[in-house]
Amino acid sequence: MSNPGDADSTPITSVRQLADYIAVGGKPRERFRIGTEHEKFGFRVPDLTPVPYLPADGHPGAIRDLLEALGRTGGEPLPDHGPILDHGNVIGLRQGDASVSLEPAGQLELSGAPLVTLHETAAEMAAHFAQLRCPARDLRIGFAPLGFHPLASRSAMPWMPKGRYAIMRRYMALVGTMGLDMMTRTCTVQVNLDYTSESDMRRKLRVALLLQPLATALFANSPFTEGQPNGFLSYRAHVWTDTDNQRSGIPAVFFEDGFGFERYAEWLIDEVPMYFIYRDGNYIDLAGQSFRRFIDRGIPELADTVATIGDFADLMTIAFTDVRLKRFLEMRGADAGSAEMMVAQSALWVGLLYDDAALAAAEALVRGLSHADALAMRAAVPRHGLATPFGNGMLRDLAQDVVAIARDGLRARGLRDASGADEAIYLAPLETIVAGGPTQAEFWLARYRGDWHGDASRIFAEAAI
C-alpha cells in the first residue's frame, strides 16, 4: 500500500491513453531489474504487544520514533534519507532508490531499490535488517517477519495516521469479513519484475498467476491466530479469500483471448471500485464509486475536478490481485518469512521469468491448467499447503519441477558473487522443502507441539530478525 504518489495531473481522455501509460513500463532485457518488498511485525520487548505510532503505557517503543531514528546517523540526517509525511506525521522514509513505509497497523515495509542481481537483493535485505536493529534495540522493539500476527486480536492492533488507511478501514468492513485483518494482521513479501512488451507481459502474468498458489504453499508462514493453531498453514492467504473480492484474487479477465494493456485498463476503471483521490495533500473519500463514471462525469460535489493520470496510477495500487500488473509485475502470493526465504521468493520468480528457456518450460508445465484450476488451488492451499491435491499427486510434486526450472533459469543468467557462486544458491531453502522438508508453518507447528509446550508466543524470539 503505497504512500502519496504519482502527481501526474494530465486529464484522462481515452482508455488507449491509459494503456499507453502502462505500456511505458516495457523495457529491453538489459534494463530488467529486481525489486523486493517485505514486511514485518513490530513487537514491544518484553511484553510482545504491537508497537503503537506514539509512545504509550510508559514504554519507549513507538513507530514514529523508530522512523525518525532510521533517518539519522550520529545524530545527523542522512543526505539521501528524507521523511515521507502525511499531515505532518512521519509515515515513511526515502532511502535513495528504496524506501521504508508503514502498513496500516505499523508493519514496517522495505520497498527495495531496483537491483540487477539477487546477490544485491540479499545484501540489501541484510543491510536493512542491520540498520534497523540498533534503533529498534534502543526503543525496546523487536521485528518478526510472519504471515499473520500469531498473538494479537484485531482490536489490539494499532492504526497508523495515514489518510488512505482511514478510508479503507471504513470501506473494508462493508465488502468482506476479513479485510480489516488483511490490513492490520498480515505481512507479505513481494518481488517486482519487468517485461519487454505486451506479449511478454501476458506470458509472464499468466504463468505467475497459475503458479501463485504454489508459491503460497512453499512460503506458508502463518499457522497461529491469537496464540493457537488456526488450522491453516497460510492464514494470510485464507484472509485474502474474503477481502474486497472485486479487486482481489485471480480475475478471469487475465485469461481472456487478446488480453493486454487496454483490456486491463478497461477492467480497472469498470470493475475496481475507487477508494479515494488525492488533492492538495488530502485524501478525498470516494470509496465504492466507479472510476469510469469519474472519467465521464467528474465528481458532482467537487466542481472542476477531472480524472487524471495520477488518479489512474493510484487506482492501479488498489487492485490487489495475486499478481498485480503495473509498469512491472508484482508477485503477491507469499507470506513474509525468514530473510533466506524472502530472498528465495525473489529467486524463484527471477529464475522462472527472466530466462527464455525457463519461461518456456514453466509455460509447458502449466499449459493444461485453467482459470478454474487456479481458483481451486487458491482455495485449498491456505489449509493444505503442498499437500493440496494436484493431478495424480500433490502440489509438492509440481513444486519439485518448478524449483528445478527456476534453478536452471538462474544458472543460465550466470551472475556470480565474489566467491564465484551463481544466483541459484538462493533457492537452497526451497530445495530443502521440495525434497520433503517442512515449510516454515510446519516447522513452527512442530515447535509449538514440542519444545514450546503449546506457547505460541515463543515464535517471536525465534523468528525475530
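Procedures and definitions
- Residues numbered from 1 in each chain as written.
- Predicted model: local features only at pLDDT ≥ 70, side-chain atom pairs only at ≥ 80, totals over all residues.
- Heavy atoms only, no water.
- Helix = DSSP H or I, 4+ residues; strand = E, 2+ residues; numbered from the N terminus.
- Rg over C-alpha atoms; globule rule 2.2 N^0.38 Å.
- Buried < 20%, exposed > 50% of the residue type's maximum accessible area, 1.4 Å probe, protein only.
- Contact = heavy atoms within 4.5 Å.
- Areas by Shrake-Rupley, 256 points an atom, 1.4 Å probe, with all protein chains shown as cover.
- Lys, Arg positive; Asp, Glu negative; His and termini not counted.
- Charge placed at Lys NZ, Arg CZ, Asp CG, Glu CD.
- Phe/Tyr/Trp six-rings, centres within 6.5 Å; stacked < 30°, edge-to-face > 60°.
- Lys NZ or Arg CZ within 6 Å of the ring centre and 35° of its normal.
- Axes fitted to C-alpha atoms, helices over the stretch in contact; angles between N-to-C directions.
- Parallel < 35°, antiparallel > 145°, perpendicular 65-115°, else oblique.
- Nonpolar A, V, L, I, M, F, W, Y, C, P; charged D, E, K, R; others polar.
- Salt bridge = Lys/Arg side-chain N within 4 Å of Asp/Glu carboxyl O.
- Core = buried A, V, L, I, M, F, W, Y, C linked by side-chain atoms within 4.5 Å.
- 1 Å grid on protein atoms, 1.4 Å probe; cavity = no way out; pocket = protein on both sides within 12 Å on 5 of 7 lines; lining within 4 Å.
- Points joined across faces, edges and corners; volume = space filled by probe spheres on them.

Hey, could you run me through the overall build of the protein chain in this one?
For the protein chain, the helix and strand inventory stands at 17 helices and 19 strands. Here the protein chain has a C-alpha radius of gyration of 21 Å; the compact-globule value for 465 residues is 23 Å, and the two agree. C-alpha atoms of the protein chain, sized along the principal axes, occupy 65 × 60 × 45 Å. Out of the 465 residues belonging to the protein chain, those deemed buried represent 58%. Of the contacts formed within the protein chain by residues at least 6 apart in sequence, a portion of 74% connects residues at least 24 apart. Accessible surface, the protein chain: about 17600 Å² in total, of which carbon and sulfur atoms supply 51%. Where the 45 positive side-chain charges of the protein chain centre and where its 58 negative ones centre are 2 Å apart.

Any chance you could explain the packing of aromatic side chains here in plain terms?
Think of a pair of aromatic rings as described by two things: how far the centres are apart, and how the planes are tilted against each other in angle. What the rule picks out here adds up to 22 aromatic pairs. Arranged with centres 6.2 Å apart and planes meeting at 80 degrees, the rings of Tyr-21 and Phe-312 form a pair that is edge-to-face. Note that Tyr-21 is positioned in helix H1 (residues 15-23) and Phe-312 in helix H10 (residues 309-317), a separation of 291 residues in sequence. Phe-312 matches Tyr-21 in its accessibility class, with the two residues each being buried. Both rings, one in Tyr-195 and one in Phe-261, keep their centres 5.8 Å apart while their planes meet at 40 degrees; by these two values the pair is tilted. Here Phe-261 lies in helix H8 (residues 261-271) and Tyr-195 lies in the loop between strand S9 (188-193) and helix H6 (198-218), a separation of 66 residues in the sequence. Each member of the pair, Tyr-195 as well as Phe-261, carries the same accessibility label: buried. Three or more aromatic residues link up through ring pairs in this structure, and these residues are Phe-224, Phe-443, Trp-444, Tyr-448 and Trp-452. Here Arg-327 stacks its cationic end above the ring of Tyr-21, 3.7 Å away from the centre of that ring. Across from the ring centre of Phe-232, 4.2 Å away, lies the NZ or CZ of Arg-383, which sits over that ring.

Help me understand the packing of H6 against helix H14 (residues 395-413), please; the structure alone is not making it clear to me.
A pair of packed helices is captured by two measures, namely the crossing angle of their axes and the spacing between those axes. One way to put it is that H6 packs onto H14 with a least axis distance of 10 Å and a crossing angle of 100 degrees. Relative to H14, the element H6 lies roughly perpendicular. Of H14, the residues touching H6 (which contributes Leu-211, Pro-213, Leu-214, Ala-217 and Leu-218) are Leu-395, Leu-398, Ala-399 and Val-402. Grouping the constituent residues of the contact of H6 with H14 by class yields 9 nonpolar, no polar and no charged.

Could you clarify how one ought to interpret the pattern of salt bridges in this entry?
Any two side chains of opposite charge can pair, given that their charged atoms come close. Taken as a whole and assessed by the stated rule, the structure comprises 26 salt bridges. Its salt-bridge partner being Asp-194, residue Lys-27 comes within 3.0 Å of it at the nearest N-O pair. Taken together, the positions of Lys-27 in the loop between H1 and strand S1 (34-44) and Asp-194 in the loop between S9 and H6 put the pair 167 residues apart, joining distant regions of the chain. Since its relative accessible area comes to 16%, Lys-27 is described here as buried. Its salt-bridge partner being Arg-247, residue Asp-244 comes within 2.5 Å of it at the nearest N-O pair. Overall, the relative accessible area of 2% leaves Asp-244 in the buried class. With relative accessibility at 0%, the residue Arg-247 sits in the buried group. Salt bridges here are not isolated pairs; linked through shared partners, they connect Arg-154, Asp-181, Arg-185 and Glu-226.

It is not clear to me how the nonpolar core should be interpreted in this structure. Could you clarify?
Side chains of a nonpolar character, in soluble globular proteins, are inclined to be buried together. Counting residues in hydrophobic clusters, the biggest one holds 128 residues, and the most contacted among them are Leu-218, Phe-312, Leu-348, Trp-349, Leu-352 and Leu-430. Top element by residues in this core is H6. It accounts for 11 residues.

Mind showing me how you'd approach unusual backbone geometry here?
Negative phi is the rule for most residues except glycine; trans is the rule for most peptide bonds. Backbone torsion omega between Val-45 and Pro-46 reads 10 degrees, so that peptide bond is classified as cis. By the element assignment, Pro-46 lies in the loop between S1 and helix H2 (63-70). Its identity as a non-glycine residue notwithstanding, Asp-244 has a phi of 45 degrees, on the positive side. Note that Asp-244 resides in the loop between helix H7 (235-239) and strand S12 (248-249).

What exactly am I supposed to notice about the packing of H8 against H10 here?
Contact geometry of H8 with H10 gives a least axis separation of 11 Å together with a crossing angle of 85 degrees. Judged on the interaxial angle alone, H10 and H8 are roughly perpendicular. Seen from H8, the contacting residues are Ala-265, Leu-268 and Ile-269; seen from H10, they are Phe-312, Leu-315 and Met-316. Partitioned by chemical class, the residues of the contact of H8 with H10 number 6 nonpolar, no polar and no charged.

Sorry, what's going on with empty space enclosed by the protein here?
Counted under the stated rule, the structure contains 3 cavities of 30 Å³ or more. Considering only enclosed or pocket space, the largest cavity measures out at about 50 Å³ in volume. Looking at the lining of the largest cavity residue by residue, the class counts come to 6 nonpolar, 3 polar and no charged.

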